[in-house]
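# Tertiary structure, described
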Amino acid sequence: MTNGGTTTSGVVDLAKKVEDLGYGAIYYNDHYVGPGQAMQAANHGPQELAAIPIATLAATATTNLVIGFRVVCIDYHHPV
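Parameters and conventions
Residues numbered from 1 in each chain as written. Predicted model: local features only at pLDDT ≥ 70, side-chain atom pairs only at ≥ 80, totals over all residues. Heavy atoms only, no water. Core = buried A, V, L, I, M, F, W, Y, C linked by side-chain atoms within 4.5 Å. Buried < 20%, exposed > 50% of the residue type's maximum accessible area, 1.4 Å probe, protein only. Helix = DSSP H or I, 4+ residues; strand = E, 2+ residues; numbered from the N terminus. Contact = heavy atoms within 4.5 Å. Arc of directions from axis to C-beta. Patch = residues over 30% accessible without salt bridge, like charges linked within 9 Å, V, L, I, M, F, W, Y side chains within 5 Å. Areas by Shrake-Rupley, 256 points an atom, 1.4 Å probe, with all protein chains shown as cover. Salt bridge = Lys/Arg side-chain N within 4 Å of Asp/Glu carboxyl O. Polar contact = N/O pair within 3.5 Å; in protein donor to acceptor, adjacent residues only side chain to side chain. Axes fitted to C-alpha atoms, helices over the stretch in contact; angles between N-to-C directions. Parallel < 35°, antiparallel > 145°, perpendicular 65-115°, else oblique. Left-handed = near helix turned anticlockwise from the far one by under 90°. Nonpolar A, V, L, I, M, F, W, Y, C, P; charged D, E, K, R; others polar. pLDDT = per-residue confidence, 0-100. Expected span 1.5 Å × (residues − 1).

For the rest of this paragraph, the subject is the nonpolar core. Counting ten residues, the largest nonpolar core consists of Val-11, Ala-15, Val-18, Ile-26, Tyr-28, Ala-51, Ile-54, Ala-55, Ala-58 and Leu-65. Put simply, the parts of the chain that give this core at least two residues each are helix H1 (8–20), strand E1 (25–30) and helix H3 (51–61). Broken down by element, this core gets its largest block of residues, four residues, from H3. Those residues in contact with Ala-15, other than ones at most four positions away along the chain, are Ala-58, Thr-62 and Leu-65.

Take a look at the structure:
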């Protein structure tokens, strides 16, 4: 599992590395938590990019990797 990334190039690099190492899947977190103790307690890194765009970016950078979500906070997303 990964916390996503803080830059688009970081997301692409990590997804390619995961696939190159032979892993079959990568899962992203979709938490809306700002910086602070809660973020640290949840083992999140620096401010991260949104999970759904990250997953899309990772999918375009890989060929066989299964892309998924550990948590999707669907109530926070616009229904469209």
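Listed in full, the buried residues belonging to H3 are Ala-51, Ile-54, Ala-55 and Ala-58. Summarising the axial view, the buried residues of H3 lie within an arc of 100°, below the 170-degree limit, and thus occupy one face. Of the exposed residues in H3, those oriented more than 90 degrees away from the buried face are Pro-53 and Thr-60.

Moving on to a nonpolar patch on the surface. Together, Ile-52, Phe-69, Val-72 and Ile-74 make up a nonpolar patch on the protein surface, roughly 320 Å² of accessible area in all. Of note, Ile-74 is situated in the segment after strand E2 (66–72).

So, about the side chain of Thr-62. Residue placement: Thr-62 occurs in the loop between H3 and E2. A polar contact of 3.0 Å, which involves the side chain of Thr-62, links it to the backbone oxygen of Ala-58. If we ignore the near neighbours within four places in the chain, the residues touching Thr-62 are Ala-15, Lys-16, Glu-19 and Ile-67.

H3 packs onto H1 with a crossing angle of 50° between their chain directions and a minimal axis gap of 9 Å. On the basis of the axis angle, H1 is oblique to H3. Crossing of H1 over H3 shows right-handed handedness. Residues Thr-8, Val-11, Val-12, Ala-15 and Lys-16 of H1 form the contact with H3, whose own contacting residues are Ile-54, Leu-57, Ala-58 and Ala-61. When grouped by side-chain class, the residues that make up the contact of H1 with H3 number seven nonpolar, one polar and one charged.

Let us look at the confidence of the model for the chain. When pLDDT is averaged along the chain, the result is 80, and 74% of the positions lie at 70 or above. At the low end of the mean pLDDT range in the chain sits helix H2 (residues 37–41), at 70; at the high end sits H1, at 92.

For the rest of this paragraph, the subject is H1. The end-to-end C-alpha distance of H1, which contains 13 residues, comes to 18 Å, matching closely the 18 Å that a straight helix rising 1.5 Å per residue would cover. Within H1 the residues assigned to the buried category are Val-11, Val-12, Ala-15, Val-18 and Glu-19. Along the axis of H1, the buried residues cluster in a sector spanning 135°; they form a single face. H1 presents Asp-13, Lys-17 and Asp-20 as exposed residues on the side facing more than 90 degrees away from its buried surface. Those residues of H1 hidden inside the fold are in contact with E1 and H3. Directly after H1, the chain includes Gly-22, whose backbone phi takes a positive value near 95°.

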